[in-house]
Amino acid sequence: MSSPGPRFGSLSKVGATAIDVDLRLCLNRHHRDAGCQRCVQACPVEAVSGEAFIQIDLQKCVGWGVCASACPTDALSLATATEKRIWSRLIELARKEDVVTVACSAATPSGSPDEREVLELPCLAAASPVLLVAAAIVGTGRVLLDDSACGQCSLGSTRGQLLQTVDTAQRLLAAFGRKAEFPFAGPTAQTASPGEATASVPAGISVPSRGPVHSRRGLLRFFGIGAAGLVAQMTPALLHEPEQGQALAAQATPRDRARLADLLAPLTPSTAATVELGQLPTAQVDIGEECCACNLCPRFCPTAAIRSRTAGNTFELSFVPVYCVGCGICAKVCPAGSVALSGEVDAEGFARSQPQVLALVPVAPCASCGEPCAPTEPEPLCFACKKRAEQRRLG
């Protein structure tokens, strides 16, 4: 009988990368109708299963982190030590190499083109769009994906999944006027179509040649690297500890989203650019006039993308687009049906890590409990008290 795996803690096997597990962060734990299956679909050995409650079969798990790359909320993530090593190595290589070569741990440095030093991942399919974006922005804009070892891997080629990841990275970079190349170096690279070698740029977006965004001094300051060249040291700017939300113990901003916010901050988005981000799930959230100030959407938001505050007689809802994972839980819990989500995200808004105001709702004290709520007739009642009154009426 297989083990269902831990709800939180570290999952490690001999010869495998440790995976940190905190299923309290899983979207399916936040709402029964979340329906997230990204880790289940991504796992190449079918070690992850379940619908409402995800289970991990420790007998099947190979610990290569493909599920961690797919998980939008860090319920499954690479162990902190592994993650820190990867991001430290990325910064080091991007600063000294014309091309950042990314390969799995089975591909030795001597096997990489021109014997370049390699950013080693437990599996190439574990490369996230944010990692590729960072490699392109920090480096020269050329990232070589060495999948030469995939032919001997028991899991087979990762080319298909990598193409989706590359496409997402390209779309995001193009929306901010950045040009990058992500060629493959594996044995099938010569026969691959040009569309595979470098994923296409979305129509209608102009991509100029790469120009410097960070000066050397600015780059050192951005990554917290001292002038002495301590390139292996990470600061919270790129290795973020989860930012705890105010209402739920399991509410936290995903580390990759916090890194992405830092990476995009100095960039200028293309004029009126909107982008669909594919493997980087997100959405634009809008609040209608029906908002009743129930405060449920920020309480249930798993990544603290939606926030709220009450100042005087005004209830404010705000939104940080880069933190949104497009789960739609906010719309599911809204009793007034005032939450709307769009798959196309405004690039300029997406780049801002500062909350944008979604709604300002006049409020008055609830006649029953005193909590702020939207005024109603004949007397103001908050969502919870109104629901209890309705239950009492129905007996």
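Everything discussed here concerns the structure shown above.
Quick caveat: nothing in here was measured; it's all calculated off a predicted structure. Counting starts from 1 at the beginning of each chain's written sequence and moves along it residue by residue. Note on the predicted model: pLDDT of at least 70 is required for a residue's local features to be given, and 80 or more for side-chain atom pairs to be given and counted; whole-chain, interface and lining totals, by contrast, use all residues. The basis for every side-chain value is the complete set of non-hydrogen atoms in the structure, without hydrogens or water.

**Notes on unusual backbone geometry**
Right, on to step 1. Pro 378 follows Glu 377 through a cis peptide bond whose omega is 5°.
Right, on to step 2. Each helix corresponds to a stretch of at least 4 residues labelled H or I by DSSP, and each strand to a stretch of at least 2 residues labelled E; elements are numbered beginning at the N terminus. Note that Pro 378 resides in the loop between strand S19 (372-373) and helix H13 (383-394).
Right, on to step 3. The residue Glu 46 is not glycine, and still its phi comes out positive at about 55°.
Right, on to step 4. With a phi angle near 70°, Asp 74 is a residue other than glycine that sits in the positive phi range.
Right, on to step 5. One can find Asp 74 in the loop between helix H3 (66-70) and strand S5 (76-78).
Right, on to step 6. The rule is simple: take the accessible area with a 1.4 Å probe, protein chains only, and divide by the maximum for that residue type; under 20% is buried, over 50% is exposed, in between is partly exposed. Exposure remark for Asp 74: the relative accessible area of 15% places this residue in the buried category.

**Overview of the sheet that holds strand S17 (residues 356-362)**
Right, on to step 1. Any two strands are treated as partners once DSSP identifies two or more bridges connecting them. An order of S13-S14-S17 is seen for the three strands of this open sheet, with the pairing classed as antiparallel. Either end of the sheet is taken by a strand with one partner, and the two such strands are strand S13 (306-311) and S17. Averaged over all neighbouring strand pairs, the angle between strand axes comes to 20°, with direction disregarded.
Right, on to step 2. Note that S13 and strand S14 (residues 314-319) share six bridges and pair antiparallel. Of the residues in S14, the one forming a bridge with Thr 310 is Phe 315. To define axes, lines are fitted to C-alpha atoms, for helices over the stretch in contact only, and angles between the resulting N-to-C directions are given on a 0 to 180 degree scale.

**Topic: the environment of Trp 87**
Right, on to step 1. Residue position: Trp 87 is located in helix H4 (residues 80-96).
Right, on to step 2. A C-alpha to C-alpha distance of 8.2 Å links Trp 87 and Leu 131, two positions 44 residues apart in sequence.

**A word on empty space enclosed by the protein**
Right, on to step 1. Here a cavity denotes a set of grid points, spaced 1 Å apart and computed over the protein atoms alone, in which a 1.4 Å probe fits but from which it cannot get out, and a pocket denotes an open set meeting protein on both sides within 12 Å along at least five of seven lines; residues with an atom within 4 Å of a point are reported as lining. Grid points are joined across faces, edges and corners, and a volume is the space filled by probe spheres set on the points. Counted by the stated rule, this structure contains four cavities of 30 Å³ or more.
Right, on to step 2. Volume-wise, the largest cavity comes out at about 140 Å³.
Right, on to step 3. Along its surface, the largest cavity is lined by 16 residues, and Cys 43, Cys 61, Gly 63, Trp 64 and Cys 67 are the ones closest to its centre.
Right, on to step 4. Split by residue class, the lining of the largest cavity holds 14 nonpolar, two polar and no charged. Charged means Asp, Glu, Lys or Arg here, nonpolar means Ala, Val, Leu, Ile, Met, Phe, Trp, Tyr, Cys or Pro, and polar covers whatever is left, Gly included.

**Side note on the packing of helix H5 (residues 129-138) against helix H6 (residues 159-175)**
Right, on to step 1. Running from N to C, H5 and H6 point in directions that differ by 50°, and their axes come no closer than 8 Å. The angle between H5 and H6 falls in the class oblique. Crossing geometry of H5 relative to H6 is assigned as right-handed. Note on element contacts: H6 touches H5 through Thr 165, Val 166, Thr 168, Ala 169, Leu 172 and Leu 173, opposite Pro 129, Leu 132, Val 133, Ala 136 and Ile 137.
Right, on to step 2. Of the residues belonging to the contact of H5 with H6, the class tally is nine nonpolar, two polar and no charged. Angles are sorted into four bins: roughly parallel if under 35 degrees, roughly antiparallel if over 145, roughly perpendicular if 65 to 115, and oblique for all others. Rotating anticlockwise by less than a right angle from the far helix to the near helix defines a left-handed crossing, while the corresponding clockwise rotation defines a right-handed one. Whether two residues touch is decided by their heavy atoms; if any such pair falls within 4.5 Å, the residues are in contact.

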